[in-house]
Amino acid sequence: MRVFSILLLALLIFMQATLWIGKNGINDYRHVKDEVAIQSSVNAELRKRNDEMFAEIDDLKQGLDAIEERARHELGMVKKDETFYRIIDTD
């Protein structure tokens, strides 16, 4: 009976060691869990950026208003017979 108890205790110690420090143990689980959280936040940011890009694409497909607005702001274009004023702050 004593040998059986020692064998069971050794088995328990081995199982606990494998659980805590072995491959695919608690430490690996925590590491992977942290990586998944980081990747989820990166994916959320990329999903938000993609949604904004798709909304902009839909805007550009809708009509000329979005194209005209983009040309005015990004390229500084003006319509014919319009006067462009640039106000420069002296500070």
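Residues numbered from 1 in each chain as written. Predicted model: local features only at pLDDT ≥ 70, side-chain atom pairs only at ≥ 80, totals over all residues. Heavy atoms only, no water.

A. Fine view of a negative patch on the surface. Taken together, the side chains of Asp58, Asp59, Asp65 and Glu69 present a region of like negative charge at the surface. Of all the secondary-structure elements, those providing two or more residues to the negative patch are helix H2 (26-62) and helix H3 (64-75). Following the sequence through the fold, Asp59 ends up in helix H2. Judged by relative accessible area, Asp59 falls into the partly exposed class, the value being 46%. (Patch = residues over 30% accessible without salt bridge, like charges linked within 9 Å, V, L, I, M, F, W, Y side chains within 5 Å. Areas by Shrake-Rupley, 256 points an atom, 1.4 Å probe, with all protein chains shown as cover. Salt bridge = Lys/Arg side-chain N within 4 Å of Asp/Glu carboxyl O. Lys, Arg positive; Asp, Glu negative; His and termini not counted. Charge placed at Lys NZ, Arg CZ, Asp CG, Glu CD. Helix = DSSP H or I, 4+ residues; strand = E, 2+ residues; numbered from the N terminus. Buried < 20%, exposed > 50% of the residue type's maximum accessible area, 1.4 Å probe, protein only.)

B. Local environment of the confidence of the model for the chain. Mean pLDDT for the chain: 89, with 100% of residues reaching 70 or above. By mean pLDDT, H3 is the weakest element of the chain at 82, and H2 is the strongest at 94. (pLDDT = per-residue confidence, 0-100.)

C. Quick look at the pattern of salt bridges. One pass over the structure, following the stated rule, counts five salt bridges. Two residues, Lys79 and Glu68, come together in a salt bridge whose shortest N-O distance is 3.3 Å. With a gap of eleven residues between them, Lys79 in the segment after H3 and Glu68 in helix H3 connect regions that are remote in the sequence. According to the relative accessible area criterion, Glu68 is partly exposed, its value standing at 29%. For Arg70, the salt bridge goes to Glu74, with nearest N and O atoms at 3.3 Å. Taken together, the positions of Arg70 and Glu74, both in helix H3 and four residues apart, correspond to about one turn of that helix. Connected via shared salt-bridge partners are Glu68, Arg72, Lys79 and Glu82.

D. Local environment of unusual backbone geometry. Residues other than glycine seldom take positive phi values, yet Asn24 does so here, at roughly 60°. Position of Asn24 among the secondary structure elements: in the loop between helix H1 (2-21) and H2. Even without glycine at this site, Asp81 takes up a positive phi of about 70°. Its place among the elements puts Asp81 in the segment after H3. On the basis of relative accessible area, Asp81 is assigned to the exposed category, the value being 79%.

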